[in-house]
Amino acid sequence: MSKSKIWLSSPHMGGEEIKFIQEVFDTNWVAPVGPHINTFETGLANYLGMDHCAALSSGTAAIHLALIILGVKQGDEILCSSFTFAGTCNPIAYQGATPVFIDSEMETWNMDPELLEEAIKDREKKTGKKPKAIIAVHLYGMPAKIDRIMEIGHEHGIPVIEDAAEALGSTFQGQKLGSFGDFSILSFNGNKIITTSGGGALLSRNESWIQKARFLSTQARDPAPHYEHSEIGYNYRLSNVCAAIGLGQMMVIDQRVQQRRANYDFYKSELGTLTGIKFTDDPSGYFSNRWLTTILVDPDISNGIYREDIRRALEKENIESRPLWKPMHMQPVFKDCIVYSTGVSALLFKNGLCLPSGSNLGKAELERVTRVIKEVVNL
Ligand SMILES: *Cc1c(COP(=O)(O)O)cnc(C)c1O
């Protein structure tokens, strides 16, 4: 008998979504626009304590619009976390701009603020120009050293785009992630902490920026009875049907965070004492939503057990796990880009593994995962 598949992170509906969708159908707001989008935007802004929000078709689209609104053009340099998903930095290339990658610090695995500052100075010296923006990511829900990153951005007059795609519900010193940046972005892709099947959001305290984002996301239509365009636009708006799913998901965000954090606690209690398996706890003042539980496997102290031994053993049992993100500066497509490196993200990629972390996993499934890992490590 084949064992049922355990996914890394699958959608988890709360139950109310279908009622909002029914409402959409009953009122025939199946057209892309509609009232549910506005309610979803207000809900998100309130949840994060941000003033303005535009609901969009993806997190990647949100980053793209942020760059456009900040005036990013060909030849501009953008300082960007290297340890992330490609959605963070692909929009830099859409604009013909140049990513300059910043490596991680070991405590939170996110952008190293000291290296960021060094890079700003070095880029100014070498190019005679200030980088145009900073994109800082909170990976796996763990807050970056965002206070320092914001400080550095402000000191040098460089706007910060906060990529909180994986970090909805996380806090730094009590403040929600996604409320620090000059712009911040969220993702509601199917594997994220809440989902609209696909979707994203762009938030800011600057109202005109968010109005501009809505304008650009709906093909840049000037006010006129006919269709009049004086700028290039995009088809990036979230559909009203997806927003209805989002309204249902909004109701369970905090519950989802609790469930994912409980996964982390379970894994740590079962595996935390095994030789060579390391968990990264929240530093004091940092609260991670634990979007994905991650472990580091150190082959030097774990009887020669490698990350891939564990991943393959899980795969054989129909359990999905995945190596940590491969740093962008190591990706073939970005191989010629400049990187300010500490070597941290390369090391994390080599030894790190994401364990199944869905908020809908039951105890029996989590136990199936830990049983396999214990067997490998105790071999
Ligand atoms: C998922 C993700 C994105 C992109 O979001 P999409 O909605 O999939 O476009 C950007 N950055 C990070 C860190 C992500 O995990």
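To be clear, the structure that these remarks concern was listed above.
Numbering of residues starts from 1 in each chain and follows the order in which that chain's sequence is written. Local features in this predicted model are restricted to residues whose pLDDT is 70 or higher, and side-chain atom pairs enter the listing and the counts only when it is 80 or higher, whereas totals over whole chains, interfaces and linings include all residues. Excluded from the side-chain calculations are hydrogens and water; all other atoms, namely the structure's heavy atoms, are used.

**Side note on helix 2 (residues 35–48)**
Given a rise of 1.5 Å per residue, 14 residues ought to cover 20 Å, and the 21 Å separating the end C-alpha atoms of helix 2 matches this to within 8%. With a 1.4 Å probe rolled over the protein chains alone, any residue whose accessible area is under 20% of its type maximum counts as buried; one over 50% counts as exposed, and the rest are partly exposed. In this description a helix means any DSSP run of H or I spanning at least four residues, a strand means any run of E spanning at least two, and both kinds are numbered starting from the N terminus. Residues of helix 2 that are buried include every one of His-36, Ile-37, Phe-40, Glu-41, Leu-44, Ala-45, Tyr-47 and Leu-48, and no others. The buried residues of helix 2 all sit within an arc of 165 degrees when viewed along its axis, so they share a single face. Any helix carries an expected span of 1.5 Å times its number of residues minus one. Each C-beta atom gives one direction from the helix axis, and the arc is the one those directions make.

**Observations concerning the site of the ligand**
Residues are counted as near a molecule or strand when any one of their heavy atoms sits within 4 Å of it. Contacts to the ligand come from 14 residues, most closely from Thr-60, Asp-163, Glu-166, Ser-187 and Lys-192. Within 3.5 Å is the distance limit for a polar contact, defined as a pair of N or O atoms, with the added protein rule that one can donate a hydrogen and the other accept it, and that residues adjacent in sequence qualify only through two side-chain atoms. Between Thr-88 and the ligand, the recorded distance is 3.2 Å, taken from a side-chain N or O atom to a nitrogen atom. Contact distances for the ligand include 2.6 Å between an oxygen atom and a side-chain N or O atom of Glu-166. Side-chain classes follow a simple rule in which Ala, Val, Leu, Ile, Met, Phe, Trp, Tyr, Cys and Pro form the nonpolar group, Asp, Glu, Lys and Arg form the charged group, and the remainder, Gly included, forms the polar group. A per-class count over the shell around the ligand returns three nonpolar, eight polar and three charged.

**A closer look at the pairing of strand 9 (residues 200–204)**
For a regular strand, the rule is simple: side chains alternate between the two faces of the sheet. In terms of burial, strand 9 is a largely internal element, five of the five residues being buried. Residue alternation in strand 9 divides its side chains into two sets, Gly-200, Leu-202 and Ser-204 and Ala-201 and Leu-203, and both sets are buried. One bridge is not enough; two strands pair if DSSP finds at least two bridges between them. Here strand 1 (residues 52–56) runs beside strand 9; their pairing, made up of five bridges, is antiparallel. Bridged to Leu-56 within strand 9 is Gly-200. Relative to strand 9, strand 8 (residues 183–187) runs antiparallel, the two sharing four bridges. Residue Ser-187 lies in a different strand from strand 9, and its bridge partner there is Gly-200.

**Concerning the packing of helix 5 (residues 113–127) against helix 6 (residues 146–155)**
Between N-to-C directions, angles span 0 to 180 degrees; the directions come from axes that are lines fitted to C-alpha atoms, helices contributing only their stretch in contact. Interaxial distance between helix 5 and helix 6 falls to 9 Å at its minimum, and their mutual angle equals 15 degrees. Looking at the two axes, helix 5 sits roughly parallel to helix 6. Crossing geometry of helix 5 relative to helix 6 is assigned as right-handed. For the pair helix 5 and helix 6, contact is made by Pro-113, Glu-114, Leu-116, Glu-117 and Ile-120 and by Arg-148, Ile-149, Ile-152 and Glu-155, respectively. Of the residues assigned to the contact of helix 5 with helix 6, the class counts are five nonpolar, no polar and four charged. The labels follow the angle: roughly parallel below 35 degrees, roughly antiparallel above 145, roughly perpendicular from 65 to 115, and oblique for the rest. Handedness of a crossing follows from how the near helix is turned relative to the far one, being left-handed for an anticlockwise turn of less than a right angle and right-handed for a clockwise one. Every residue pair with non-hydrogen atoms within 4.5 Å of one another is taken to be in contact.

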